[in-house]
Amino acid sequence: MENKIHIIFKIFIIAYLALMCFLIPEHRVGLIIAIVIYFIINVIVFNDMNEFDELLQIKLQNNCLEIIDKQEQEQKHINIPINEIEYCESIINANYITTIGPSLSFSHKFLVHTTSKKYEFEFPKKIRYSGAYSGLPKYINYDEIFQLFDLNLPNYKYTFDGNIDHIKKDIEYYSMYHKRQNFMKRYSLYFLDLPFLPKLQNILYIIAIMCFLLVNLVLIMVYLLPFLRDHGIFF
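Residues numbered from 1 in each chain as written. Predicted model: local features only at pLDDT ≥ 70, side-chain atom pairs only at ≥ 80, totals over all residues. Heavy atoms only, no water.

**Looking at the overall build of the protein**
Logical step 1: Secondary structure assignment for the protein yields 6 helices and 8 strands.
Logical step 2: Listing each helix as α and each strand as β along the protein from the N terminus yields α-α-β-β-β-β-β-β-β-α-β-α-α-α.
Logical step 3: For the protein, the proportion of its 235 residues judged to be buried stands at 34%.
Logical step 4: Pairs at least 24 residues apart make up 56% of the contacts formed inside the protein by residues separated by at least 6 positions.
Logical step 5: Of the roughly 14,800 Å² of accessible surface on the protein, a fraction of 63% belongs to carbon and sulfur atoms. (Helix = DSSP H or I, 4+ residues; strand = E, 2+ residues; numbered from the N terminus. Buried < 20%, exposed > 50% of the residue type's maximum accessible area, 1.4 Å probe, protein only. Contact = heavy atoms within 4.5 Å. Areas by Shrake-Rupley, 256 points an atom, 1.4 Å probe, with all protein chains shown as cover.)

As structure tokens, then:
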């Protein structure tokens, strides 16, 4: 959910800055610099997050379950024949923590039970902390669970433990239909899961974003309409 929000927001920001560069020559240099800095920051953040999420990779190929674990000092590369697997299991723990400030903790342990032994792997633990007064913990990406469902592992099952109901319902839905719920449904579950103050903050954020979009739409029209009129496009 957070990924889609970020993508939409980034597209709007880049499109807005690009339009302002095009329409306001006197601010062009500053706006171009802003676009470049914004792009560089997002590329760095994106690369860091991808590298973190790929520390444990699980693939199914050549009738083997291939597991690459880069979290240890020495990288582990394990191949487990499918015909030896009795069942696979995910143990998921997701909790809101409010003792210090609103934060979200997510851990995922993956177990493979074979005829001869049990393999145990840990995905990198994810903690999103927003501080005591800065509002909501960020939404956590847990796509590795959906990828495991899509692999159709032998007798795959999962156990969920925690107090984050929207994550639990999201995983339950995917386990039944192998697809995510639509964005608005997931956001409504996320919203209902929040305590009163974070809910109020969410409402205020939405109002602020709507006002921001409205004001900027007016500004764009103020600059865009004269430009189109001057070039014979708008009559």
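**A few points about the nonpolar core**
Logical step 1: Residues Leu65, Ile67, Phe106, Phe110, Val112 and Ile171 are the most contacted members of the largest nonpolar core, which totals 33 residues.
Logical step 2: Among the secondary structure elements, those contributing two or more residues to this core are strand 1 (56-61), strand 2 (64-69), strand 4 (85-97), strand 5 (103-114), strand 6 (118-122), helix 3 (143-150), helix 4 (165-177) and helix 5 (183-192).
Logical step 3: If you tally residues by element for this core, the top one is strand 4, at 5 residues.
Logical step 4: Among all residues touching Val112, those that are not within four sequence positions of it are Leu65, Ile67, Ile80, Ile85, Tyr87, Cys88, Lys117, Lys118, Tyr119 and Phe121. (Core = buried A, V, L, I, M, F, W, Y, C linked by side-chain atoms within 4.5 Å.)

**Things to note about the packing of aromatic side chains**
Logical step 1: By the definition in use, this model includes 11 aromatic pairs.
Logical step 2: Consider the rings of Phe149 and Tyr158, whose centres lie 5.8 Å apart with planes at 80°: the pair is edge-to-face.
Logical step 3: Taking the relative accessible area as the measure of exposure, Phe149 reaches 9% and is therefore buried.
Logical step 4: By way of ring pairs, the aromatic residues Phe106, Tyr142, Phe146, Phe149, Tyr156, Tyr158 and Tyr174 are connected into one cluster.
Logical step 5: Directly above the ring of Tyr87 sits Lys157, whose terminal nitrogen or CZ lies 4.7 Å from the centroid. (Phe/Tyr/Trp six-rings, centres within 6.5 Å; stacked < 30°, edge-to-face > 60°. Lys NZ or Arg CZ within 6 Å of the ring centre and 35° of its normal.)

**Side note on the sheet that holds strand 1**
Logical step 1: Strand order across the open sheet formed by 3 strands is 1-2-3, with antiparallel pairing between neighbours. Of all strands in the sheet, those with a lone pairing partner are strand 1 and strand 3 (76-81), marking the two edges. Across the sheet, the axes of successive neighbouring strands diverge by a mean angle of 15°, strand direction being ignored.
Logical step 2: Note: strand 1 against strand 2, 6 bridges, orientation antiparallel. (Pairing = 2+ DSSP bridges. Axes fitted to C-alpha atoms, helices over the stretch in contact; angles between N-to-C directions.)

**Some details on the side chain of Glu66**
Logical step 1: Within the secondary structure, Glu66 is located in strand 2.
Logical step 2: The charged side chain of Glu66 is buried without a salt bridge, its nearest counter-charge being Lys59 at 5.3 Å.
Logical step 3: Among the polar contacts listed, one links the side chain of Glu66 to the side chain of Gln61, at a separation of 2.3 Å.
Logical step 4: At a separation of 2.7 Å, a polar atom in the side chain of Glu66 contacts the side chain of His77.
Logical step 5: Discounting chain neighbours no more than four positions away, the residues touching Glu66 are Gln57, Ile58, Lys59, Gln61, His77, Ile78 and Asn79. (Lys, Arg positive; Asp, Glu negative; His and termini not counted. Salt bridge = Lys/Arg side-chain N within 4 Å of Asp/Glu carboxyl O. Polar contact = N/O pair within 3.5 Å; in protein donor to acceptor, adjacent residues only side chain to side chain.)

**Quick word on the pattern of salt bridges**
Logical step 1: Overall, the coordinates contain 6 salt bridges when judged by the stated rule.
Logical step 2: Residue Lys126 is joined to Glu144 by a salt bridge in which the shortest nitrogen-to-oxygen separation is 3.4 Å. With Lys126 in strand 7 (residues 126-129) and Glu144 in helix 3, this residue pair connects regions lying 18 residues apart in the sequence. Each member of the pair, Lys126 as well as Glu144, is classed as buried.
Logical step 3: One salt bridge connects Asp143 with Arg180, and the closest N-O pair in it is separated by 3.6 Å. Of this pair, Asp143 sits in helix 3 while Arg180 is found in the loop between helix 4 and helix 5, placing the two residues 37 residues apart along the sequence.
Logical step 4: When its relative accessible area of 28% is taken as the criterion, Asp143 is described as partly exposed.
Logical step 5: Under the relative-accessibility criterion, Arg180 is labelled partly exposed at 25%.

**Brief notes about unusual backbone geometry**
Negative phi values dominate among residues other than glycine, just as trans dominates among peptide bonds.
Logical step 1: Of note, the phi angle at Asn155 is positive, near 50°, even though the residue is not glycine.
Logical step 2: For Asn155, the location among the structural elements is in the loop between helix 3 and strand 8 (157-162).
Logical step 3: On the basis of relative accessibility, which here comes to 56%, the residue Asn155 falls in the exposed class.
Logical step 4: Here His178, not a glycine, exhibits a phi torsion of approximately 55°, which is positive.
Logical step 5: With a relative accessible area of 38%, His178 lands in the partly exposed category.

**With respect to helix 4**
Each full turn of the α-helix corresponds to 3.6 residues, which orients residues three or four apart in the same direction.
Logical step 1: Spanning 13 residues, helix 4 covers 18 Å between terminal C-alpha atoms, matching the ideal 18 Å at 1.5 Å per step.
Logical step 2: Listed as buried for helix 4 are His166, Ile167, Asp170, Ile171 and Tyr174. Projected onto a plane normal to the axis of helix 4, the buried residues spread over an arc of 135° and lie on a single side.
Logical step 3: Packed against the buried residues of helix 4 are strand 4, strand 5, helix 3, strand 8 and helix 5.
Logical step 4: Positive phi appears at His178, one or two residues downstream of helix 4, with a value of about 55°. (Expected span 1.5 Å × (residues − 1). Arc of directions from axis to C-beta.)

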